[in-house]
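Working through the structure, step by step
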Amino acid sequence: MAGGRCVNSAGVKGSCQPYADSRVRVWAVFGLRYGVDAGRRDALATVLACTRDEAAEVRRGACAALVSAPADSEVSDALAACLTDETEDVRVTAAVQLALRDDPRGDEILAALEAGDDEGPYFGQLYDVGRHRRKTDTAAPR
């Protein structure tokens, strides 16, 4: 991170690096999700850096953009680092992404929400985790 902006460690131009307005960085991270989906290491490096952005909405977007990132420790560790974020939405998004990777590090955060959040702001994300876990449990040999 330099000057509070997410910095692309791969040195790729056109990343969210030069924008002071966090709304622009949010849109940039949203667009970079397609690069991550396509397996572009430069897009992944930028999104990983943006998990440490100064703006919570950029950090949350970066966590969400990692949904199809490779199942490696670098990605999972970046998500796990967001579990202690000062903003609940970032913490929950990171916990959801970890759960979708079958990584239990965010389970405590999710359990606290599942206990009393039937129709709250995280209902859709919690539903996705529950659906993933049911599919995983069903696919597991007995």
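Our subject is the structure listed above.
Everything numeric here is computed off the predicted structure, so don't read it as measured data.

About the thresholds
- Residues numbered from 1 in each chain as written.
- Predicted model: local features only at pLDDT ≥ 70, side-chain atom pairs only at ≥ 80, totals over all residues.
- Heavy atoms only, no water.
- Salt bridge = Lys/Arg side-chain N within 4 Å of Asp/Glu carboxyl O.
- Buried < 20%, exposed > 50% of the residue type's maximum accessible area, 1.4 Å probe, protein only.

1. Remarks on the pattern of salt bridges
Two side chains of opposite charge can pair, provided their charged atoms sit close to one another. Taken as a whole and judged by the stated rule, the model has eleven salt bridges. As a salt-bridge pair, Arg-23 and Asp-21 come within 2.8 Å of each other at their nearest N and O atoms. A relative accessible area of 59% places Arg-23 in the exposed class. Judged by relative accessible area, Asp-21 falls into the partly exposed class, the value being 30%. For the salt bridge of Arg-40 with Asp-42, the shortest nitrogen-to-oxygen distance reads 2.3 Å. Residue Asp-42 is classed as buried on the basis of its relative accessible area, which comes to 17%. Through salt bridges with shared partners, a single network forms among Arg-25, Asp-53 and Glu-54.

None of the figures reported here should be taken as evidence of function without further support.
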